[in-house]
Amino acid sequence: MKKILLAAVLFIATTATIQAQLLQIGVKAGVNFASQTGDAFPEQNFNKDGITSFHAGLVAEIKLLEKFSIQPELLYSTQGATYKFADAQEDFKNELAYLSVPVMAKIYMTKSLSLEVGPQASFLLSQKDDVRFDDASTFDFAVNAGLGLKITKNIFIQGRYSLGLTEASKNADVKNSTVQVSAGFLF
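Numbering of residues begins from 1 in every chain and follows the order in which that chain's sequence is written. Confidence filtering applies because this is a predicted model: local features only for residues at pLDDT of at least 70, side-chain atom pairs given and counted only at 80 or more, and all residues used for totals across whole chains, interfaces and linings. In computing side-chain properties, one takes all heavy atoms of the structure into account and sets aside hydrogens as well as water.

Focus: the side chain of glutamine 120
(1) Moving on: Helix and strand assignments follow DSSP, with helices taken as H or I runs no shorter than four residues and strands as E runs no shorter than two, numbered in order from the N terminus. Mapped onto the secondary structure, glutamine 120 falls in strand β5 (residues 113-129).
(2) Moving on: In protein, a polar contact requires one atom able to donate a hydrogen and another able to accept it; more generally it is a pair of N or O atoms within 3.5 Å, and residues adjacent in sequence count only if both atoms are side-chain atoms. Among the polar contacts listed, one links the side chain of glutamine 120 to the side chain of serine 122, at a separation of 3.3 Å.
(3) Moving on: A distance of 3.0 Å separates polar atoms of two side chains, one belonging to glutamine 120 and the other to asparagine 144.

Here it is, written out as structure tokens:
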């Protein structure tokens, strides 16, 4: 009976250790250098500049192989651009807030450096615009690529480029384009 009890305790402890090594959950936050590609107002003369914004949210890393993991995330992210019209006295800022769900495939090139690629689906939460694109699209799809570096077992930094594939507005030919720099902590 003692052997069975001891075996059960060892099995549970081993399973818990394996589970902890296969799945880590954490938080991340960082800065967005966002812009919009395309021609929003082809009939007007304007300059377009990027905006600096932020992202923050939850992250999980699921280790599937020794050098391969899947990293789903749930982020609040703001993106957009600033438009400067030649005949206007002030700038017009188009800022879109999204709930973004990137799912990154992480290929570890070394023990701490990873190449990250994957799709991202984003759902529009709010729009602050002085530009009036009329209707922002409620869904944005993008592809992401970047690098990650684990500083310690729990602390990491990431750099990523997100290229929007769908139009950010139903009435303007613009797509989101974002460079993200993040820091995070895995529990």
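Thoughts on the pattern of salt bridges
(1) Moving on: Whenever a carboxyl oxygen of Asp or Glu lies within 4 Å of a side-chain nitrogen of Lys or Arg, that contact is scored as a salt bridge. Applying the stated criterion across every chain, the model contains 7 salt bridges.
(2) Moving on: The partner of lysine 106 in a salt bridge is glutamate 61, with the nearest N and O atoms 3.2 Å apart. Taken together, the residues span a long stretch of sequence, with lysine 106 in strand β4 (residues 92-108) and glutamate 61 in strand β2 (residues 46-65) at a distance of 45 residues. The exposure classification of lysine 106 matches that of glutamate 61, with both residues buried.
(3) Moving on: A salt bridge links arginine 160 to glutamate 116; its shortest N-O distance comes to 3.5 Å. Of this pair, arginine 160 sits in strand β7 (residues 155-164) while glutamate 116 sits in strand β5, placing them 44 residues apart in sequence.
(4) Moving on: Look at arginine 160 and you get buried, because its relative accessible area is 4%.
(5) Moving on: When its relative accessible area of 0% is taken as the criterion, glutamate 116 is described as buried.
(6) Moving on: Three or more residues are tied together by salt bridges with common partners; here these are Lys28, Glu61, Glu73, Lys106, Glu116, Lys150 and Arg160. Exposed residues in this analysis have more than 50% of their type's maximum accessible area, buried residues have under 20%, and partly exposed residues fall in between, with area computed by a 1.4 Å probe over protein chains only.

Some words on the confidence of the model for the protein
(1) Moving on: For every residue, the pLDDT score states the predictor's confidence, bounded by 0 at the bottom and 100 at the top. Overall, the prediction assigns the protein a mean pLDDT of 86, with 80% of residues at 70 or greater.
(2) Moving on: Element-level mean pLDDT values for the protein span from 52 in helix α1 (residues 2-22) up to 98 in β7.
(3) Moving on: Pairs of residues are marked as contacts when any of their non-hydrogen atoms sit within 4.5 Å. Here residues 6-18 is modelled with pLDDT under 50, and outside its nearest four sequence neighbours on either side it reaches 0 contacts, counting other chains as well.

Quick look at the nonpolar core
(1) Moving on: Counting 10 residues, the largest nonpolar core is built from Phe46, Ala81, Tyr83, Phe85, Leu96, Tyr98, Ala136, Ala168, Ala172 and Val174.
(2) Moving on: In terms of residue count, strand β3 (residues 68-85) provides more of this core than any other element does, 3 residues in total. Put simply, a nonpolar core is a bunch of buried Ala, Val, Leu, Ile, Met, Phe, Trp, Tyr and Cys residues held in one set by side-chain atoms that sit within 4.5 Å of each other.

As for the environment of serine 126
(1) Moving on: Along the chain, serine 126 turns up in strand β5.
(2) Moving on: Taking the relative accessible area as the measure of exposure, serine 126 reaches 32% and is therefore partly exposed.
(3) Moving on: For the pair formed by serine 126 and tyrosine 98, sequence separation is 28 residues and the distance between their alpha carbons is 7.2 Å.

Regarding the pairing of β2
(1) Moving on: Two strands pair under a simple rule: DSSP has to find at least two bridges between them. Pairing analysis gives 12 bridges linking strand β1 (residues 23-39) to β2, with the strands arranged antiparallel. For glycine 26, the partnering residue across the bridge sits in β2 and is valine 59.
(2) Moving on: Pairing geometry for β2 and β3, over 13 bridges, is antiparallel. Bridge assignment links glycine 57 to a residue of β3, and that residue is leucine 75.
(3) Moving on: Where β2 hands over to β3, the hairpin turn is made up of 2 residues, counted between the paired strands.

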